[in-house]
Amino acid sequence: MLSYDELTPPERALWDAFPEGRRVDLRTGRPEDDEVTGGARWGPARTVRASVIAALLLGVNAARPGALAVLRLAGARLSGCLDLAGAQLAHALWLEDCWFEEAVNLLGASTQTLVVTGSRIPGIEADSARIEGNFDLRRSVVEGGALSPFNHMSIALSLTDARVSGGLLLNGAQLIAPDGWALSGGGLAMEGGLFCRNGFVAHGEVRLVGARLPGSLRMRGARLEGPGPRGVVLDLGNAVASSIKLSGGFTANGTVRLRGAQVADDLAFDGAVLNGPAEGDGPALVAMHLQAVDFDLTLARSPSGTVDLRGAQVSYLHENEHSWPETVELDGFVYGSIKREEADGARREAVGDRGSVARRIAWIRSSRGYSPQPYEQLASWYRKAGHDDDARRVLLAKHRRRTLSPAARLWGHLLDVTVGYGYRPWLAGVWLLTLTLLGTLVFDAHTPTRVKADEGAPFQPLVYTLDLLIPIGGLGQRTAWYWSDGFPQGLAYVLIAFGWILTTAVVAGVTRTLQRN
């Protein structure tokens with residue numbers, strides 16, 4: 001056990017101040033001497049052993065009656081390892097502008113509020129820790145130290161399966177582990193928010209797989225640098241959050257993964273930059289099976305990689321001219337409405353003009369391969385908005401895009417030309433009128449021969465043409481007359497064939513329409 005006589009002057013000052021919660025400030029007041037980056041040069045007058053801090057937090061120097069014991073220290077060099085693994089700490093820790101020689105070990109510890117601001121720390125291990133209050137690392141630089149026992153990757157800040165009853169404050173902080181995990185927070189459970197704003201920078205992956213963030217994740221203006229080992233800079237797979245704000249200049253130089261994430265309110269990328277991995281053609285955003293109420297993808301510029309929304313479900317989708325890259329995966333993507341942000345900043349329902357339909361169809365066709373669901377989802381949205389004509393155009397584009405056998409493709413072309421797959425039945429009337437006029441003019445210029453002399457109705461070109469085109473029933477003209485001239489007889493055969501094709505196409509188109517409805 002430490003004795004008072006063994007303490008150095010700065011340690012005695014801290015020892016005496018601790019029971020009353022007074023702060024010990026070892027800074028000189030000269031900016032050039034107080035820069036934390038030069039903390040390795042600070043001498044004995046500014047050095048405090050980490051073992052002394054641990055002893056005080058563990059209750060060596062009892063609190064005085066009527067006072068609240070808090071360890072407050074500023075401008076110190078902490079020598080040795082601050083090892084509090086498994087400790088039960090009843091006192092809060094406040095460190096400001098300090099320089100740590102070694103990593104901090106809080107593995108499995110139970111602590112009060114932890115505040116380590118403006119400091120330089122070679123790694124923090126806090127897996128399975130319980131923090132009753134805030135964990136504040138604002139403006140601190142935490143560098144990758146310990147290696148993960150599972151994959152031997154360096155980790156700057158490790159909070160796997162930790163529990164924090166307050167907020168995790170990383171505003172202005174830097175987490176540095178270029179070849180590993182800047183933040184490892186798989187299974188992290190927060191009661192407050194996770195704040196990474198005001199210049200927050202992460203070199204390496206921010207991993208929050210399965211995290212519980214009821215107080216929201218806010219990374220406005222943050223910069224995530226890659227590539228990490230897989231090109232992923234932010235992984236929120238299967239995380240649950242009230243809201244996620246990756247906006248206002250948020251920049252991801254690597255892949256952002258939101259696979260299976262559940263967001264109770266809004267997921268915002270407004271003003272964000274999604275660059276994707278630096279090398280290769282990896283995705284910029286993977287949001288497969290995402291669930292969110294409000295999904296704002298009004299980016300500052302178009303993503304450099306693909307956007308994968310397969311199986312995602314959102315109530316409101318907000319977009320602008322920069323939202324979509326060349327390739328977007330949309331199979332299974334379900335949305336309630338789409339609002340488009342215009343150049344003037346206004347957001348309007350993205351329906352009502354023919355150009356929007358063409359743009360939507362091109363959006364769907366940017367997916368690799370063919371799937372009918374994105375077309376049906378878009379058509380459903382148009383119908384709900386009262387734009388049935390636009391819905392029919394989308395469904396017509398769906399049928400045109402299908403990949404079929406040669407025979408099926410031929411039949412599809414016939415349906416498209418004749419009745420527009422049932423979505424443009426008026427085309428059959430156009431064909432019928434055109435062929436009727438053609439037949440009437442040709443047959444009126446030639447003289448047919450009666451099948452039976454002096455029997456039957458007189459020859460009428462119009463009625464004869466209609467009799468050929470209508471395959472069911474008869475008007476008495478086709479059986480009463482025949483042609484000795486080869487051209488009218490050939491035309492008659494053509495009209496009979498077209499009559500069957502048109503009838504079959506109309507029946508198929510109507511059947512398809514009824515099945516759809």
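The structure we're discussing is the one just above.
Here the residue numbers are simple positions, counted from 1 along each chain's written sequence. Side-chain atom pairs in this predicted model are given and counted only at pLDDT of 80 or more, local residue features only at pLDDT of at least 70, and totals for whole chains, interfaces and linings cover all residues. Side-chain numbers come from the whole structure's heavy atoms, not from hydrogens or water.

Q: Help me understand the packing of helix α1 (residues 9-17) against helix α3 (residues 50-57), please; the structure alone is not making it clear to me.
A: The relative placement of two packed helices comes down to the angle between their axes together with the axis-to-axis distance. At their nearest, the axes of α1 and α3 sit 11 Å apart, and the two run at 10 degrees to each other. With respect to α3, the axis of α1 lies roughly parallel. In this structure, α1 meets α3 at a crossing whose hand is right-handed. Across from E11, L14 and W15 in α1, the residues of α3 making contact are V52, I53 and L56. Residue classes follow a fixed rule: Ala, Val, Leu, Ile, Met, Phe, Trp, Tyr, Cys and Pro count as nonpolar, while Asp, Glu, Lys and Arg count as charged, and any other residue, Gly among them, counts as polar. Looking at the contact of α1 with α3 residue by residue, the classes come out as 5 nonpolar, no polar and 1 charged. Axis lines are fitted through C-alpha atoms, for helices just across the contact stretch, and the angle between N-to-C directions can take any value from 0 to 180 degrees. For the purposes of this entry, the term helix denotes a DSSP run of H or I that reaches at least four residues, the term strand denotes a run of E that reaches at least two, and both are numbered from the N terminus. Note on angle classes: values under 35 degrees are labelled roughly parallel, values over 145 roughly antiparallel, values of 65 to 115 roughly perpendicular, and the remainder oblique. By definition, turning the near helix anticlockwise from the far helix through less than a right angle yields a left-handed crossing, and turning it clockwise yields a right-handed one. When checking whether two residues touch, look at their non-hydrogen atoms; a contact exists if any pair is within 4.5 Å.

Q: What is the right way to read helix α5 (residues 373-384) from this model?
A: Helical geometry note: an α-helix holds 3.6 residues per turn, so side chains three or four residues apart project in the same direction. Helix length check: α5, at 12 residues, gives a terminal C-alpha distance of 16 Å against a target of 16 Å (1.5 Å per residue), a fit within 8%. Relative accessibility decides the category of a residue: with a 1.4 Å probe and only protein chains considered, values under 20% of the type maximum give buried, values over 50% give exposed, and everything between is partly exposed. Every buried residue of α5 is listed here: P374, Y375, Q377, L378, A379, W381 and Y382. In this analysis, the expected span of each helix is defined as 1.5 Å times one less than the number of residues it contains.

Q: In this structure, what is going on with empty space enclosed by the protein? I would like to understand it.
A: Remark: the empty space left among the atoms is shown by a probe the size of a water molecule rolled over them. Using protein atoms alone on a 1 Å grid, points that fit a 1.4 Å probe yet trap it form a cavity, whereas open point sets bounded by protein on both sides within 12 Å along at least five of seven lines form a pocket; residues with an atom within 4 Å of a point count as lining. Grid points are joined across faces, edges and corners, and a volume is the space filled by probe spheres set on the points. Evaluated as defined, the whole model comprises 2 cavities of 30 Å³ or more. Around the largest cavity sit L82, L84, L93, F100, V104, L106, L114, V116, I121, I124 and F135, which together line it. There is about 40 Å³ of room inside the second largest cavity. For the second largest cavity, the full set of lining residues is L330, F333, Y335, W363, I364, Q373, P374 and Q377. Listing elements by their share of the lining of the second largest cavity, those giving two or more residues are α4 (354-365) and α5. For the lining of the second largest cavity, the leading source of residues is α5, giving 3 residues. For the lining of the second largest cavity, a count of residues per class yields 6 nonpolar, 2 polar and no charged.

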